[in-house]
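Here are the chains, one letter per residue:
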Amino acid sequence: MAEYIDREAAIETLYYNADESCASVVSDFESIPAADVAPVVHGHWDENGRCTACGGHAPFWCMASTYYKSPFCHECGAKMDEEDKT
């Protein structure tokens, strides 16, 4: 899986440690196109089948006569991997 960094923070780090060889690296960083990413939101399904991140209802599926809830919220996109703190 790809890992993303903040370009401005990387360039700032290079400037703080700048010498002549860093100048070309800074120029290279500035020319890299930005990735289109969004922060990951984590949540869990509460006892009423609602998303703890947005309050949306959980979609349920039946598979081999066992009901289970979606691993992500279809309303806000939150990953349902957060520990239930109740």
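What comes next is a walk through the structure. Note that this is a predicted model, so its numbers are computed, not measured. (Residues numbered from 1 in each chain as written. Predicted model: local features only at pLDDT ≥ 70, side-chain atom pairs only at ≥ 80, totals over all residues. Heavy atoms only, no water.)

## Some words on the nonpolar core
No. 1: The biggest cluster of nonpolar side chains holds six residues, and these are W45, C51, A58, C73, A78 and M80.
No. 2: Residue contacts for A78: discarding those within four places in its chain leaves V41, H42, G43, C51, A53, P71, F72 and C73. (Core = buried A, V, L, I, M, F, W, Y, C linked by side-chain atoms within 4.5 Å. Buried < 20%, exposed > 50% of the residue type's maximum accessible area, 1.4 Å probe, protein only. Contact = heavy atoms within 4.5 Å.)

## Some points on the side chain of H44
No. 1: Here H44 lies in the loop between α2 (20–31) and β1 (60–63).
No. 2: A distance of 3.2 Å separates a polar atom in the side chain of H44 from a polar atom in the side chain of E82. (Helix = DSSP H or I, 4+ residues; strand = E, 2+ residues; numbered from the N terminus. Polar contact = N/O pair within 3.5 Å; in protein donor to acceptor, adjacent residues only side chain to side chain.)

## Digging into the side chain of D46
No. 1: Mapped onto the secondary structure, D46 falls in the loop between α2 and β1.
No. 2: As a buried residue without a salt bridge, D46 has its nearest oppositely charged side chain in R50, at a separation of 5.8 Å.
No. 3: Among the polar contacts made by the side chain of D46, one reaches the main-chain amide nitrogen of N48 at a distance of 2.9 Å.
No. 4: Apart from the residues within four sequence positions on either side, D46 is in contact with T52 and K69. (Lys, Arg positive; Asp, Glu negative; His and termini not counted. Salt bridge = Lys/Arg side-chain N within 4 Å of Asp/Glu carboxyl O.)

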